[in-house]
Amino acid sequence: MILIIVADNDRQPVVTPVSGTRRHNLYETRTTTHTMTPLQSIKGFKDILPGESELWQSIEEQAKTVFAAFGFREIRLPMLEKTELFARSIGEATDIVEKEMYTFQDRGGDLLTMRPEATAGIVRAYLQHKLYAQEPVHKFFTIGPMFRRERPQKGRYRQFSQINAEIFGVASPYADAQLILVLVHLMNGLGVTDAKPHINSLGCPACRPAFRTALQDFLADAGDQLCSDCLRRRETNPLRVLDCKVPGCKEATQNAPALSDYLCAECRTHFATVRQALDDRGVAYTIDDRLVRGLDYYIRTTFEIQTGALGAQNAIAGGGRYDGLARALGGPDIPATGFAIGLDRLAEIVGSIRRPDLPRPTLYIAALGEDARPMAFQCLSQLNLSGITAEMAYEDKSLKSQMKRANKLGAAHVLIIGEQEMQQGKATLRDMATKEQVTIPTDDLAAHLIERFHNTGG
Ligand code: AMP
């Protein structure tokens, strides 16, 4: 079925399904005069409005400062990738690939997907640009939106943002420990003091198959206690049954074999070193044998940062080691490890702890009468161009209403430019806190104000 989108003269689109051949004629106009309610955003997609965006900016800035100190550099990637990239990396039998991806065929017939996570794209870029040939170790971070068609609820959206960090070219457990340290340091800096790392080892291709078989044998007897998803996972991705939140599944897996009993010597040593490195730095953590995470590519260390502040969606960040991924995507065998922080959830927690200062103008310019407005605009522009936040009344308003507006905006000073005073070469500067007023010369008014505000730090 093809949809024809018709816009009426109020620019309200009307969507009419039609069949057949008019594939390239999707937009037509039609003249109708009925009113419609304004369009709403898509379910699970939300707007970050001014007031909240300042909080997001402050979190992002803090993350960038921490990343710089730890040697991570920014990588910016497309939001759209070939579907095959995610199918091959995240895994065909994962919830994301099975049922959550926004996938469509573009006009050229390519199968494309809105990225559901960032790691696959980072590995793709790393291989495509042969970055491994330039440097043995790369540390990347990226911040941006991801898309998963999950059931929307508090803390779970269909478009959400992540802060990602990845280390390429280091097989050592110290890279895993460093990532956990970055997370804990960032959370502490943001005031999220109850954020706790949960860590586990998922083993490697040498030891995990034996655990998988043992788990599958165990689950074969669990039968009708498992939810329908887990009955399917039992065959395709049995480890996922271990972190299913459905009470019946939790109960059925209470005595399931433990991954820690199946780890090979190398995986054991790797995990012990991660723990020791965290102990040495005094980082508290919980070992969580059931932390298997939702993506196929993890091996050895996996971790999650959980907090009590979020209710059901208690994970603010998750990550782990994915040594085999570069090779699985056609590149050389390069070890890698990384994490993703859920920015929406983090902002919710940080917002409940502190609100960032909202911007307020240093100066509000009140122009009395049309003749004063050109001078007001001159002044405003010069202040703005020199980096001083200033506002003015663009329209003709009474002095009373302009003062009210200045108050509402929280302006520190108001500059009153009246026609008469201007003719006398004067204007009035009012300090909104002390109510003190001074008359200042209009000669070189903007330069005078700029100097004054720079001197007072205003
Ligand atoms: P993942 O990429 O699944 O390992 O998730 C990493 C982090 O991203 C999680 O710990 C969440 O904080 C966040 N996250 C994942 N899915 C969503 C979602 N649908 N809505 C909001 N945050 C999410």
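Please read these numbers as outputs of a predicted model, since none were measured by experiment.

1. Here we look at the overall build of the protein chain
Within the protein chain one finds 15 helices and 19 strands. Scaling as 2.2 N^0.38, a compact globule of 458 residues should have a C-alpha radius of gyration of about 23 Å, whereas the protein chain reaches 29 Å, well beyond that. Dimensions of the protein chain, computed from C-alpha atoms along their principal axes, come out at roughly 95 × 65 × 45 Å. Counting only residues that meet the buried cut, the protein chain has 49% of its 458 residues in that class. Here the protein chain has roughly 23500 Å² of accessible surface; of this, 50% comes from carbon and sulfur atoms. Looking at the protein chain, you have 54 positive and 55 negative side-chain charges, and the mean spots of the two groups are 2 Å apart.

2. Here's the deal with the packing of aromatic side chains
The geometry of an aromatic ring pair comes down to the distance between the two centres and the angle between the two planes. All chains considered together, the criterion is met by eleven aromatic pairs. Considering the side-chain rings of Phe67 and Phe72, the 5.5 Å spacing of their centres and the 55° angle between planes classify their relative orientation as tilted. Across the pair, Phe72 and Phe67 agree in class, each one buried. Taken together through their ring pairs, the aromatic side chains of Tyr126, Tyr132, Phe140, Phe168 and Tyr322 make up a single cluster. Taking the ring centre of Tyr157 as reference, the NZ or CZ of Lys46 above it sits at 4.6 Å.

3. So, the nonpolar core
Formed by 52 residues in total, the largest nonpolar core has its most connected members in Val123, Phe168 and Leu226. Within the residue set of this core, elements represented by two or more residues are helix 2 (83-89), helix 3 (95-100), helix 4 (119-128), strand 8 (138-147), strand 9 (159-168), helix 6 (208-220), helix 8 (247-252) and helix 10 (325-328). Look past the residues within four positions of Phe168 in its chain and what remains in contact with it is Ile122, Val123, Tyr126, Pro136, Val137, His138, Phe140, Tyr322, Pro335 and Ala336.

4. Describing the site of the ligand
Around the ligand lies a shell of 14 residues, among which Arg148, Glu150, Tyr157, Arg293 and Ala315 are the nearest. Gln162 is positioned such that a nitrogen or oxygen atom in its side chain is 3.0 Å from an oxygen atom of the ligand. At 3.4 Å from an oxygen atom of the ligand is found a main-chain nitrogen or oxygen belonging to Ala317. In the complex, the protein chains occlude 92% of the 490 Å² of accessible area that the ligand would expose alone. Elements with a minimum of two residues in the shell around the ligand: strand 9, strand 13 (315-321) and strand 14 (336-342). Broken down by element, the residue count for the shell around the ligand peaks at three residues, all from strand 13. Grouping the amino acids of the shell around the ligand by side-chain chemistry returns six nonpolar, three polar and five charged.

5. What to know about the pattern of salt bridges
In total, this model carries 18 salt bridges according to the counting rule given. One salt bridge connects Arg124 with Glu81, and the closest N-O pair in it is separated by 2.8 Å. Residue Arg124 is found in helix 4, and its partner Glu81 is found in strand 5 (residues 80-82); the two are separated by 43 residues along the sequence. Here the two residues Arg124 and Glu81 agree in accessibility, since each one is buried. Put simply, Asp323 and Arg321 hold a salt bridge, and the shortest N to O gap is 2.7 Å. Here Asp323 and Arg321 have matching classes, each one buried. The network of salt bridges with common partners includes Glu98, Lys99, Asp229 and Arg232.

6. Considering helix 13 (residues 399-409)
Taken together, the buried positions of helix 13 are Gln402, Met403 and Ala406. Viewed along the axis of helix 13, the buried residues span an arc of 100°, placing them on a single side of the element. Looking at helix 13, the residues exposed on the side facing more than 90 degrees away from the buried face are Lys400, Lys404, Asn407 and Lys408. With its phi angle positive at about 75°, Gly410 sits one or two positions after the end of helix 13.

7. Comments concerning the sheet that holds strand 16 (residues 390-392)
Spatially, the five strands line up as an open sheet ordered 16-15-17-18-19, and their pairing is mixed. A strand with exactly one partner marks an edge of an open sheet, and here the two such strands are strand 16 and strand 19 (437-441). Direction aside, neighbouring strands of the sheet carry axes that sit 25° apart on average. Here four bridges tie strand 17 (residues 413-418) to strand 18 (residues 426-431), and the two strands are oriented antiparallel to one another. Bridging from a neighbouring strand, Val414 pairs with Arg430 of strand 18. This element, helix 13, spans strand 15 (363-368), strand 16, strand 17 and strand 18 of the sheet and lies at about 170° to strand 15.

8. As for helix 5 (residues 173-189)
Residues spaced three or four apart along an α-helix point in a common direction, a consequence of the helix completing one turn every 3.6 residues. Its 17 residues place the ends of helix 5 24 Å apart at the C-alpha level, agreeing with the 24 Å of an ideal helix rising 1.5 Å per residue. Looking at helix 5, one finds that the buried residues are Pro173, Ala175, Asp176, Ala177, Leu179, Ile180, Val182, Leu183, Val184, Leu186 and Met187. In this structure Ser172 caps helix 5, since a side-chain oxygen of it lies 2.9 Å from the backbone nitrogen of Tyr174. A positive phi of about 85° marks Gly191, the residue just after helix 5.

9. What to know about the packing of helix 6 against helix 7 (residues 228-236)
It is the contact of helix 6 with helix 7, at a shortest axis distance of 9 Å, that shows an interaxial angle of 145°. Relative to helix 7, the crossing made by helix 6 is left-handed. Between helix 6, through Arg212, Gln216, Leu219 and Ala220, and helix 7, the contact on the second element is made entirely by Arg234, Glu235 and Thr236.

10. Thoughts on the pairing of strand 18
Where a strand is regular, its side chains alternate between the two sheet faces. Sheet topology note: the strand 18/strand 19 ladder contains five bridges and is antiparallel. The partner of Ala427 across the bridge, within strand 19, is Ile440.

11. Examining the domain arrangement of the protein chain
Parsing the protein chain into structural domains produces domain 1 (1-39), domain 2 (53-207 + 263-353) and domain 3 (363-456). For domain 2 versus domain 3, the separation of C-alpha centres amounts to 50 Å.

Cut-offs applied
Residues numbered from 1 in each chain as written. Predicted model: local features only at pLDDT ≥ 70, side-chain atom pairs only at ≥ 80, totals over all residues. Heavy atoms only, no water. Helix = DSSP H or I, 4+ residues; strand = E, 2+ residues; numbered from the N terminus. Rg over C-alpha atoms; globule rule 2.2 N^0.38 Å. Buried < 20%, exposed > 50% of the residue type's maximum accessible area, 1.4 Å probe, protein only. Areas by Shrake-Rupley, 256 points an atom, 1.4 Å probe, with all protein chains shown as cover. Lys, Arg positive; Asp, Glu negative; His and termini not counted. Charge placed at Lys NZ, Arg CZ, Asp CG, Glu CD. Phe/Tyr/Trp six-rings, centres within 6.5 Å; stacked < 30°, edge-to-face > 60°. Lys NZ or Arg CZ within 6 Å of the ring centre and 35° of its normal. Core = buried A, V, L, I, M, F, W, Y, C linked by side-chain atoms within 4.5 Å. Contact = heavy atoms within 4.5 Å. Near = heavy atom within 4 Å. Polar contact = N/O pair within 3.5 Å; in protein donor to acceptor, adjacent residues only side chain to side chain. Nonpolar A, V, L, I, M, F, W, Y, C, P; charged D, E, K, R; others polar. Salt bridge = Lys/Arg side-chain N within 4 Å of Asp/Glu carboxyl O. Arc of directions from axis to C-beta. Pairing = 2+ DSSP bridges. Axes fitted to C-alpha atoms, helices over the stretch in contact; angles between N-to-C directions. Expected span 1.5 Å × (residues − 1). Left-handed = near helix turned anticlockwise from the far one by under 90°. Domains from an automatic or database assignment.

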